[in-house]
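What follows is the residue order along each chain.
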Amino acid sequence: MGREIELPGFSPGPEELDFVRKAVDHVRVRSEAALARKESEVRRLRAEVECLQIIKQRFESIVDTVPVIIFACNSKGEVTYINNSFTRLTGCPSEDALGVGWQSFTHPDDVAIVKSALALAIQSGTPRGAIMRMRPPGGEYVTFSATGTAVRDGNGKFLEWYGMLIPQPGEVHLLSV
C-alpha cells in the first residue's frame, strides 16, 4: 500500500493489515468490474446512436428526394413540416411554407377549398383529398392531388396530419429542377 498510517494507541497486527489489504483489493476489483461494465454500456450506446444516425440520414434522404411534397400539419391546419421537394418546386426555402405560409404559393381559388377539406379531415379523422394548384414565384401553377391521413395516439387523440401533394401526370418533371 506504500504509506503507513499511524494512529495513537493503535498498532495493527499482521492479521488486521491483511484484512484491510483484502478489503481494499475487494473494493478495487469490484470498482474495476463496474467501470468495465459502464465502458461496455457506453460503447453499446455509441453504436446505437451511430445506427440511429444512419437510419435518420436514410429516412431524410428518402423523404427529401421523392418527387412528391410531403408535409405534416397540426390541428389548426398549420404546416409543421414540409420536405425539400417544396423547395425544388417553388425555389423557396421549405420554411416559407410553414404555418400558413403554404397559402401564398397556392392558387387563390384553391386556398379556401383546401383549408375546408383539411379542417373536415382533421375533425373527422377520415382521410381526404383535394386538387390544388401551387406555383413558384413568377412561375406557372402546377396541379397537385393532395391526400393525407390523421395520426392519433393510443387513445384516439389527434396528434398530426400527414399528407402529400402528388403532381398530376405531365407535371412531374417540374419537381426535378
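Remember, it's a predicted structure, so these values are computed and weren't measured experimentally. (Residues numbered from 1 in each chain as written. Predicted model: local features only at pLDDT ≥ 70, side-chain atom pairs only at ≥ 80, totals over all residues. Heavy atoms only, no water.)

Enquirer: Can you help me understand the overall build of the protein chain in this one?
Expert: A count of helical and extended segments in the protein chain gives three helices and five strands. Seen through its principal axes, the protein chain has C-alpha atoms that stretch 100 × 40 × 25 Å. Of all 177 residues assigned to the protein chain, the portion counted as buried reaches 25%. In the protein chain, of all internal contacts separated by at least 6 residues, the share reaching a separation of at least 24 is 40%. Carbon together with sulfur atoms contributes 59% to the accessible area of the protein chain, which is approximately 12,100 Å² in total. (Helix = DSSP H or I, 4+ residues; strand = E, 2+ residues; numbered from the N terminus. Buried < 20%, exposed > 50% of the residue type's maximum accessible area, 1.4 Å probe, protein only. Contact = heavy atoms within 4.5 Å. Areas by Shrake-Rupley, 256 points an atom, 1.4 Å probe, with all protein chains shown as cover.)

Enquirer: When you look at the sheet that holds strand 5 (residues 158–167) in this model, what are you seeing that I'm missing?
Expert: Strand pairing within a sheet occurs via backbone hydrogen bonds; the two strands may be parallel or antiparallel. Pairing in this open sheet of five strands is antiparallel, and the strands run 2-1-5-4-3 from one edge to the other. Edge positions in the sheet fall to strand 2 (79–82) and strand 3 (128–134), since each of these pairs with one other strand and no more. The average angle at which neighbouring strand axes cross in this sheet is 25°, direction not considered. Sheet analysis places strand 1 (residues 69–73) next to strand 5, joined by five bridges and oriented antiparallel. Residue pairing for strand 5: Phe71 is matched across the bridge by Gly163. Running over the sheet, helix 3 (residues 108–124) touches strand 1, strand 3, strand 4 (142–152) and strand 5 and is turned about 155° from strand 3. (Pairing = 2+ DSSP bridges. Axes fitted to C-alpha atoms, helices over the stretch in contact; angles between N-to-C directions.)

Enquirer: Honestly, the environment of Gly77 in this entry has me stumped. Any pointers?
Expert: Positionally, Gly77 belongs in the loop between strand 1 and strand 2. Along the primary structure Gly77 and Gly99 are separated by 22 residues, whereas in three dimensions their C-alpha atoms are 8.0 Å apart. Once you skip the residues sitting within four places of it in the chain, Gly77 turns out to touch Gly99, Trp102, Leu118 and Ile122.

Enquirer: Whenever I open this one, the nonpolar core confuses me. Can you help?
Expert: One recurring pattern in soluble globular proteins: nonpolar side chains tend to sit buried together. Counting residues in hydrophobic clusters, the biggest one holds 24 residues, and the most contacted among them are Met132, Met134, Phe144, Trp161 and Leu165. Of all the secondary structure elements, the ones that give two or more residues to this core are strand 1, strand 2, helix 2 (85–90), helix 3, strand 3, strand 4 and strand 5. Not counting residues within four places of it along the chain, the set of residues in contact with Met134 comprises Phe86, Leu89, Phe105, Thr106, Glu140, Tyr141, Val142, Phe144 and Leu165. (Core = buried A, V, L, I, M, F, W, Y, C linked by side-chain atoms within 4.5 Å.)

Enquirer: Looking at this structure, I do not really get the packing of aromatic side chains. What am I missing?
Expert: For any pair of aromatic rings, the description rests on two quantities: the centre-to-centre distance and the angle between the ring planes. Scanning the entire structure with this criterion turns up one aromatic pair. With a centroid separation of 5.0 Å and an interplanar angle of 90°, the aromatic rings of Phe86 and Phe105 are classed as edge-to-face. A residue pair is termed long-range when its members are at least 10 positions apart, and Phe86 in helix 2 and Phe105 in the loop between helix 2 and helix 3 qualify at 19 residues. Neither Phe86 nor Phe105 differs from the other in exposure class; each is buried. (Phe/Tyr/Trp six-rings, centres within 6.5 Å; stacked < 30°, edge-to-face > 60°.)

Enquirer: Just to check I follow, could you spell out empty space enclosed by the protein for this structure?
Expert: Taking a probe equal in size to a water molecule and rolling it over the atoms shows the remaining empty space. By the definition in use, this model includes one cavity of 30 Å³ or more. Estimates place the volume of the largest cavity at around 250 Å³. In this structure, the largest cavity is lined by 19 residues; those nearest its centre are Phe71, Val114, Leu118, Ala146 and Leu165. Elements with a minimum of two residues in the lining of the largest cavity: strand 2, helix 3, strand 3, strand 4 and strand 5. It is strand 3 that contributes the most residues to the lining of the largest cavity, five residues altogether. Grouping the amino acids of the lining of the largest cavity by side-chain chemistry returns 14 nonpolar, four polar and one charged. (1 Å grid on protein atoms, 1.4 Å probe; cavity = no way out; pocket = protein on both sides within 12 Å on 5 of 7 lines; lining within 4 Å. Points joined across faces, edges and corners; volume = space filled by probe spheres on them. Nonpolar A, V, L, I, M, F, W, Y, C, P; charged D, E, K, R; others polar.)

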